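Read off the chains here:
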Amino acid sequence: MQNKVGLINIRSFFKSMRFGLILLGVLGFLSVVGSFIPQGRDIAFYQNNYTSIVAKTILVLRFNDLYHSLYFSILFGTLCLNLLLCSITRFNKTFNKIFEVPDVKKMRNISAQKVEEDKKTAVIGEIYRKYGFESLNKMEKVNNRTVYYGKKNQMGYLGSWFIHVGVLLVIVFYGYGQYTFFSTHVYGVPGEAKEVLGTNYSLEINDFNIQYREDGSIEQYLSHVNLKNNGGDILKAEDIFVNNPMRHDGYAIYQTATGWAADIKIYANDQLLKEDIFYEATTISDERGPVAIQFTKFYPDFISTENGIYSSSNHSNNPKVLYTIFFMGQRVAMNIASIDENIHWYDYTFVFENPQMYTYFQVNKMKGKIGAIIGAVLILLGLILCFYIKPKEIIITEAGKHIEVFGNNINHLLNT
Amino acid sequence: MFDERYSFIITLILYSLSMVCYFTFFMFRKEKFSNYGSLLVKVGIVFHTIALTTRAAEASRLPLANQYEFATSFAWGIAVSFVGFEWKYRFKALGTFVTPLLLLVAFYAALQSREIRPLMPALQSNWITIHVSTAIFSYGAFAIACGVSIMYLIRDRFKQDAFLANYMPSFEKLDLISYRAIALGFVMLTVVIISGAIWAEKAWGRYWQWDPKETWSFITWVIYSIYLHVRLTKGWKDKKAAWFAVLGFLAILFTYIGVNTLLVGYHSYA
Ligand code: HEM
């Protein structure tokens, strides 16, 4: 018996508003903590930047990746359960309220007056119009009194219910989206076609442009690409730019970055060994031998001063490359070279040609977006119903010459 | 007059004088000063609007793109919401509690760089226009709620003071105004978060990734939803709800100022 009562108490606590608010409070508090600790860095980062005790605490409590930690998800899961149970329990009550005859006992007595028999109907009509009701829908005899009642804005009762279901949907669909999230990237220069790893698609890059304003600032990065399937059919041909991803079958392809690339030719004893597109900050090795070259940095508008070397603009006015040559993993040479210059190292010759900007796309597949949007719309709709569609009820009772008016939310404190 | 800088400086002076008037009214209990205060804010808004439109014309876009522009628009939102609420609920002491918040934000704006820079590509979206313009009114409404709640707490502290009882509305009315302001702010804040998420999805590929600005808007949203529930629960109404309204506005200020200056994230460039 004791146990059963305990269980019922736990169950009702579990679906209570108080428990929901405690959960929200804890989630809010943890979010504050997480916002002050840089997220998702290497372990070494925390060990170097905090005292050892703090670093340990951060790592043990997973504050280094708080928002993806198991217990953060469990807290959100519990909030969902709480919202679900509470919404199920409140469903009947909420909907009944809409259709219920208002209960005079729960209403405020607004006025009472005596009226002559022949004016009664007119007075009653005047009263309910005064309070903004269009029609009094029903008459009943209760304890020898005739009861008229009117209702307005009943949808307002649904407000908080919609909000809670909306929040539930957003969390559930966001969680689902995170859980099934797929992401990869593709980059290349115009003319290249690249497979999108992990999908059945490839991207053909037709063109890539950076649009500048008159003051030299960047207005837009624009790529024109074809999306192809395995069979080589073009599924979509579109411009992709920032804020305008290409979408296909749940995938979205974003213009996210850009950088420099050049063609490279590698010769050994004047014989062409290799020809490739060489991206800044990558390394190419001669597969047969121990030699590798790194495209360390690109200077589109090279300037050398006492303070060092840099690029004075992003336009290809005086292009130079900084390269590094490795032999058996050891750095053996590093220097600046011009485009089309022959870089000699023992029997090897390297030539950088045709520098151009490459385009970099992120490819994401996030499921559950529609569900989350529906949730968000429900929240908004619920808020508006809850705050701005106040349900109003009126009851007018008539017994002989006595007319009494009762109401909910009518003649409100500040209804001016 | 049609130079942005001058009209902004005039605005600051007018708002400051208005605060002085509201304080004179409150401290020395001289009623006519509240009328001067109210008038000064309204004239201030005129100059503020001139400053904002001039800037918008110069930049050929809405002035909603960097720390300065948002701060000055935010201050404008507070001033406009203040005039609206003062007009609707007609009580004089409101200005004493809202003008300091208004000045706080306006002077913060004055400290920011005023350079006009074109929009970087990620910021070129209609969603960001909805996002930032609703943020301005949301924050404005929350500022009102904060001011009204501070009044509530002060009135509660000095229950015996006849002047306060005369010039401050009843507890019930203060609570109701604060609730109305928070309801409005909360609806707007929800639009801010949703439009921000849609924009982030289009620009970065993730609609929510817990970057500090997103996290703090979530925290703010949580604080105000706790306020809304707490108010429904009888035992907690009144004072505790008022504290949550103040706390919520501190979270707003932190979301806006603290996150940009203290924390690192995607939003920080703005
Ligand atoms: C997660 C965010 C939540 C939001 C944004 C939210 C929002 C709201 C709002 C706006 C109201 C109406 C307040 C008013 O009329 O002024 C409300 C009422 C209510 N909420 Fe929540 N809520 C949330 C979570 C929860 C949770 C977790 C519970 C617990 C089960 C809960 C239980 C209730 C209850 C029982 C009411 C009273 C409804 C009434 O009396 O009409 N809410 N909520």
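Source: prediction; values computed, not measured. (Residues numbered from 1 in each chain as written. Chains lettered and ligands numbered in written order. Predicted model: local features only at pLDDT ≥ 70, side-chain atom pairs only at ≥ 80, totals over all residues. Heavy atoms only, no water.)

## Quick notes on the overall build of chain B
Step number 1: In terms of regular secondary structure, chain B is built from nine helices and zero strands.
Step number 2: Along its sequence from the N terminus, chain B presents helices and strands in the succession α-α-α-α-α-α-α-α-α.
Step number 3: For 270 residues, the compact-globule estimate of 2.2 N^0.38 gives 18 Å, and the C-alpha radius of gyration of chain B, at 19 Å, lies within 12% of that figure.
Step number 4: Counting only residues that meet the buried cut, chain B has 63% of its 270 residues in that class.
Step number 5: Intrachain contacts of chain B at a sequence separation of at least 6 include 78% that bridge at least 24 residues.
Step number 6: When the accessible surface of chain B is totalled, it reaches about 11100 Å², and 67% of it is carbon and sulfur.
Step number 7: Distance between charge centroids for chain B: 7 Å, based on 25 positive and 15 negative side chains. (Helix = DSSP H or I, 4+ residues; strand = E, 2+ residues; numbered from the N terminus. Rg over C-alpha atoms; globule rule 2.2 N^0.38 Å. Buried < 20%, exposed > 50% of the residue type's maximum accessible area, 1.4 Å probe, protein only. Contact = heavy atoms within 4.5 Å. Areas by Shrake-Rupley, 256 points an atom, 1.4 Å probe, with all protein chains shown as cover. Lys, Arg positive; Asp, Glu negative; His and termini not counted. Charge placed at Lys NZ, Arg CZ, Asp CG, Glu CD.)

## Considerations on the overall build of chain A
Step number 1: Secondary structure summary: chain A contains eight helices and 21 strands in total.
Step number 2: For 416 residues, the compact-globule estimate of 2.2 N^0.38 gives 22 Å, and the C-alpha radius of gyration of chain A, at 36 Å, exceeds that figure by more than 25%.
Step number 3: When its C-alpha atoms are laid out on the principal axes, chain A stretches across 120 × 55 × 50 Å.
Step number 4: By residue count, 41% of the 416 residues in chain A fall in the buried class.
Step number 5: Element-wise, carbon and sulfur atoms account for 55% of the exposed surface of chain A, whose accessible area totals about 23400 Å².
Step number 6: Taken as two groups, the 40 positive and 37 negative side-chain charges of chain A have centres that lie 22 Å from each other.

## Section: the site of the ligand
Step number 1: Of all residues adjacent to the ligand, which total 24 residues, the nearest are A:N82, A:C86, A:H164, B:Y179 and B:H229.
Step number 2: Near the ligand, the surrounding residues are drawn from chains A and B.
Step number 3: A distance of 2.8 Å is found between an oxygen atom of the ligand and a side-chain nitrogen or oxygen belonging to B:Y179.
Step number 4: A distance of 2.7 Å is found between a nitrogen atom of the ligand and a side-chain nitrogen or oxygen belonging to B:H229.
Step number 5: Residue assignment for the shell around the ligand shows that the elements contributing at least two residues are α2 (17-36), α5 (70-99), α7 (159-179) and α8 (369-388) of chain A together with α7 (171-204) and α8 (212-232) of chain B.
Step number 6: A class-by-class count of the residues in the shell around the ligand yields 15 nonpolar, seven polar and two charged. (Near = heavy atom within 4 Å. Polar contact = N/O pair within 3.5 Å; in protein donor to acceptor, adjacent residues only side chain to side chain. Nonpolar A, V, L, I, M, F, W, Y, C, P; charged D, E, K, R; others polar.)

## Describing the interface of chain A and chain B
Step number 1: Contact with chain A, which involves 47 residues of that partner, is made by 44 residues of chain B.
Step number 2: The contact between chain A and chain B buries some 4000 Å² in all, and 69% of this surface belongs to carbon and sulfur atoms.
Step number 3: Seen at the junction of chain A and chain B, the total is two salt bridges.
Step number 4: One salt bridge in this structure joins A:K369 and B:E201, with 2.6 Å as the shortest N-O distance.
Step number 5: Between chain A and chain B we count seven residue pairs in polar contact (both at pLDDT 80 or more) in total.
Step number 6: Each residue belonging to the side of chain A that touches chain B can be placed in one class, and the counts come to 30 nonpolar, twelve polar and five charged. (Buried area = accessible area lost by both parts, 1.4 Å probe. Salt bridge = Lys/Arg side-chain N within 4 Å of Asp/Glu carboxyl O.)

## Thoughts on the UniProt feature "transmembrane region" (unreviewed entry) in chain B
All names here are of chain B.
Step number 1: As recorded in UniProt, the feature "transmembrane region" (unreviewed entry) lies at residues 6-27, 39-56, 68-87, 94-111, 131-154, 177-200, 215-230 and 242-266.
Step number 2: A distance of 26 Å separates the end C-alpha atoms of residues 39-56, which is 100% helix and 0% strand.
Step number 3: The span residues 68-87 is 100% helix and 0% strand, and its two end C-alpha atoms sit 29 Å from each other. (UniProt positions renumbered as here; feature names shortened; annotations may be inferred.)

## Section: the nonpolar core
Residues and elements named next belong to chain B.
Step number 1: In terms of nonpolar packing, the biggest core is built from 124 residues, with F74 and F249 touching the most fellow members.
Step number 2: For this core, the element with the highest residue contribution is α7, accounting for 16 residues.
Step number 3: In this structure, F249 is in contact with F74, L101, Y139, F142, A143, C146 and Y224, ignoring residues within four places of it in sequence. (Core = buried A, V, L, I, M, F, W, Y, C linked by side-chain atoms within 4.5 Å.)

## Describing the UniProt feature "transmembrane region" (unreviewed entry) in chain A
Step number 1: Feature annotation in UniProt assigns "transmembrane region" (unreviewed entry) to the following positions: residues 70-88, 155-176 and 370-389 of chain A.
Step number 2: A distance of 31 Å separates the end C-alpha atoms of residues 155-176 of chain A, which is 82% helix and 0% strand.

## Side note on the packing of helix α2 (residues 31-59) of chain B against helix α3 (residues 67-89) of chain B
Residues and elements named next belong to chain B.
Step number 1: α3 packs onto α2 with a crossing angle of 145 degrees between their chain directions and a minimal axis gap of 10 Å. Classified by chirality, the crossing of α3 by α2 is left-handed. Residues S38, V41, K42, I45, H48, T49, L52 and R55 of α2 touch α3, and the partners they reach there are Y68, E69, T72, S73, A75, W76, A79, V80, F82, V83 and E86.
Step number 2: Along the lines of polarity and charge, the residues of the contact of α2 with α3 split into ten nonpolar, five polar and four charged. (Axes fitted to C-alpha atoms, helices over the stretch in contact; angles between N-to-C directions. Left-handed = near helix turned anticlockwise from the far one by under 90°.)

## Describing the pattern of salt bridges
Step number 1: Evaluated as defined, the whole model comprises 17 salt bridges over all chains.
Step number 2: Among the charged side chains, a network of salt bridges with common partners joins B:E4, B:R55, B:R61 and B:E69.

## A closer look at the environment of B:A56
Step number 1: Locating B:A56 in the fold gives a position in helix α2.
Step number 2: Sequence-wise, B:A56 and B:V222 are 166 residues apart; in three dimensions their C-alpha atoms are separated by 34 Å.

## Notes on the confidence of the model for chain B
All names here are of chain B.
Step number 1: The predicted model of chain B has a mean per-residue pLDDT of 87, with 94% of residues at 70 or higher.
Step number 2: Ranking the elements of chain B by mean pLDDT puts helix α6 (residues 162-167) last with 77 and α7 first with 93.
Step number 3: Low confidence marks residues 266-270, where pLDDT is under 50. Its contacts with residues over four positions away, or in another chain, come to 20 contacts.
Step number 4: This prediction of the complex comes with two scores: 0.88 for pTM and 0.90 for ipTM. (pLDDT = per-residue confidence, 0-100.)

## Things to note about the pairing of strand β11 (residues 271-279) of chain A
Every other side chain in a regular strand lies on the same face of the sheet, so the side chains alternate between the two faces.
Residue and element names in this part refer to chain A.
Step number 1: Examined bridge by bridge, strand β10 (residues 251-268) and β11 share eight bridges and lie antiparallel to one another. Residue pairing for β11: I264 is matched across the bridge by D276.
Step number 2: Linking β10 back to β11 in an antiparallel pair, the connection comprises two residues, with N269 at a positive phi of about 50 degrees. (Pairing = 2+ DSSP bridges.)

## Topic: the domain arrangement of chain A
Step number 1: Under the domain assignment, chain A is made up of domain 1 (1-75), domain 2 (101-152 + 390-415) and domain 3 (260-355).
Step number 2: A separation of 52 Å is found between the C-alpha centroids of domain 1 of chain A and domain 2 of chain A. (Domains from an automatic or database assignment.)

## A closer look at the sheet that holds strand β8 (residues 234-241) of chain A
Residue and element names in this part refer to chain A.
Step number 1: The four strands are arranged β5-β6-β7-β8 in an open sheet whose pairing can be described as antiparallel. The sheet terminates laterally at β5 (193-195) and β8, the two strands that pair on one side only. Across the sheet, the mean angle separating the axes of adjacent strands is 25 degrees when strand polarity is ignored.
Step number 2: Both strand β6 (residues 201-212) and strand β7 (residues 218-229) contribute to a ladder of eleven bridges, which runs antiparallel. When the sheet's bridge partners are listed, F208 is paired in β7 with S223.

## A look at the sheet that holds strand β16 (residues 320-327) of chain A
Strand pairing within a sheet occurs via backbone hydrogen bonds; the two strands may be parallel or antiparallel.
Residue and element names in this part refer to chain A.
Step number 1: Judged by pairing direction, the sheet is antiparallel, and its four strands sit side by side in the order β12-β13-β16-β17 without closing on themselves. The open sheet has two edge strands, β12 (283-285) and β17 (330-338), and neither has a second partner. Taking each pair of neighbouring strands and ignoring which way they run, the sheet shows an average axis angle of 20 degrees.
Step number 2: Looking at chain direction, β16 and β17 are connected through eight bridges and run antiparallel. Residue pairing across strands places Y323 opposite N335, the latter belonging to β17.

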